[in-house]
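Structural overview
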Amino acid sequence: MSNDDQRQARHQRAMEKLKSHVDERVADASEERGQLLILTGNGKGKTTSAWGMVTRALGYGYGVGVIQFIKGEWECGERARLEKDPNLQVATMGTGFTWDTQNRETDRQACEAVWQDAGRMLADPAVYLVVLDEITYMLKFGYLDIETVKQAINARPVEQTVIVTGRNAHRELLAMADTITEMQETRHAFNNGLKARRGIDY
C-alpha cells in the first residue's frame, strides 16, 4: 500500500470515528424547546453575535423582538438594514450610555419604560426570538430587579428563545442559561487609540 493510500486509510478511520461520535450526540439531543443564551465577557462581538441570530431567525420568517438597553441612540448598521422587516420589532431605551446621561433616575425610568416592551415580547408566542441587548448593565446598576427579569424569562412561551448580552452577566441568569458564551478580549484596537469604525464596530 502506498503512502498516499495509507494516509487515506488513516483519514477514513478517523472520520468514521468522528462521524459516529457526532451521530451519537445528535441522537441524544432529543429535547426541542426555546433556549436561554447568554453572550457575556469583556471581548467585542456580543451584540454583533446576537444580531447574527436575529438575521438567521428573520431569514426563516420567524417573529423577532430586540430590546436595546444601552446603544439605542447610536447608529446600528444591523438595525438599519433589518428594521423594515415586518417580522422584527425593536425597542430602544433611547437615553444613550449611562456615563453620558449621568442621571440615575432618568435612566431608571427609561429602563422601566422599555422593559414594558420587553415584557410584552417575552409573553408573545408569535415572537420566536427575543434579544435583551445589554440588559446585564440594567441589573448591575439596579435599574431592574433580577427576580422580575427571571420571572419574565421563565414564564415565556415554550418555543421562544431569549438572548441576553452584556458584560458581567448576573450569576442567577447564568445558572438558568442553556448556552453561555464568554467573549474574551485578547487585544482591542480602541485601547491603542483607534476610533470605532462605521460598518465594522457599529
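This text goes with the structure placed above it.
Nothing here was measured: the structure is a model prediction, and the numbers come from that model. (Residues numbered from 1 in each chain as written. Predicted model: local features only at pLDDT ≥ 70, side-chain atom pairs only at ≥ 80, totals over all residues. Heavy atoms only, no water.)

Observations concerning the overall build of the protein
Helices and strands together make up the secondary structure of the protein, namely eight helices and six strands. Traced from its N-terminal end to its C-terminal end, the protein shows the element sequence α-β-α-β-α-β-α-α-β-α-α-β-α-β. With the principal axes as the frame, the protein shows a C-alpha extent of 75 × 45 × 35 Å. Counting across all 202 residues of the protein, residues that qualify as buried make up 37%. Sequence separation of 24 or more characterises 77% of the internal contacts of the protein that already satisfy a separation of 6 or more. (Helix = DSSP H or I, 4+ residues; strand = E, 2+ residues; numbered from the N terminus. Buried < 20%, exposed > 50% of the residue type's maximum accessible area, 1.4 Å probe, protein only. Contact = heavy atoms within 4.5 Å.)

Some words on a nonpolar patch on the surface
A surface patch of nonpolar side chains, about 340 Å² in accessible area, is lined by Met 15, Leu 18, Val 22 and Val 26. Tracing the backbone through its elements, the reader meets Met 15 in helix H1 (residues 3-28). (Patch = residues over 30% accessible without salt bridge, like charges linked within 9 Å, V, L, I, M, F, W, Y side chains within 5 Å. Areas by Shrake-Rupley, 256 points an atom, 1.4 Å probe, with all protein chains shown as cover. Salt bridge = Lys/Arg side-chain N within 4 Å of Asp/Glu carboxyl O.)

Here we look at the packing of aromatic side chains
Enumeration over the complete set of coordinates arrives at four aromatic pairs. Taking 3.6 Å as the distance between ring centres and 10 degrees as the angle between the ring planes, the aromatic pair formed by Tyr 62 and Tyr 128 counts as stacked. A residue pair is termed long-range when its members are at least 10 positions apart, and Tyr 62 in the loop between helix H2 (46-59) and strand S2 (63-68) and Tyr 128 in strand S4 (residues 127-133) qualify at 66 residues. When the ring of Tyr 137 is compared with that of Phe 141, the centres are 6.4 Å apart and the planes differ by 40 degrees; the resulting orientation is tilted. Residue Tyr 137 is classed as buried on the basis of its relative accessible area of 17%. Aromatic ring contacts, followed pair by pair, group Tyr 60, Tyr 62 and Tyr 128 into a single cluster. (Phe/Tyr/Trp six-rings, centres within 6.5 Å; stacked < 30°, edge-to-face > 60°.)

A short note on the nonpolar core
Ranked by internal contacts, the top residues of the largest apolar core, which has 32 residues, are Phe 69, Trp 115, Leu 132, Ile 135, Met 138 and Leu 144. Elements supplying a minimum of two residues to this core: strand S1 (36-40), helix H5 (104-122), S4, helix H6 (135-140), helix H7 (146-154) and strand S5 (161-165). For this core, the element with the highest residue contribution is H5, accounting for seven residues. Look past the residues within four positions of Leu 144 in its chain and what remains in contact with it is Phe 69, Cys 111, Trp 115, Ile 135, Met 138, Leu 139 and Val 149. Counting 15 residues, the second-largest nonpolar core is a separate cluster that includes Ala 57, Val 64, Cys 76 and Leu 129. (Core = buried A, V, L, I, M, F, W, Y, C linked by side-chain atoms within 4.5 Å.)

Some thoughts on the pattern of salt bridges
On inspection of all chains with the given rule, the structure shows seven salt bridges. A salt bridge links Asp 117 to Arg 120, with the nearest nitrogen and oxygen atoms 3.4 Å apart. Taken together, the positions of Asp 117 and Arg 120, both in helix H5 and three residues apart, correspond to about one turn of that helix. A residue is classified by how much of its surface remains accessible, and Asp 117, at 26% relative accessible area, is partly exposed. If you follow the salt bridges from partner to partner, you end up with Glu 31, Arg 33 and Asp 178 in one network.

So, the sheet that holds S2
Strand order in the open sheet formed by six strands is S3-S2-S4-S5-S1-S6, with parallel pairing between adjacent strands. In the strand order of this sheet, the two ends are held by strand S3 (88-92) and strand S6 (179-182), each with one partner. When the angles between neighbouring strand axes are averaged without regard to direction, this sheet yields 10 degrees. (Pairing = 2+ DSSP bridges. Axes fitted to C-alpha atoms, helices over the stretch in contact; angles between N-to-C directions.)

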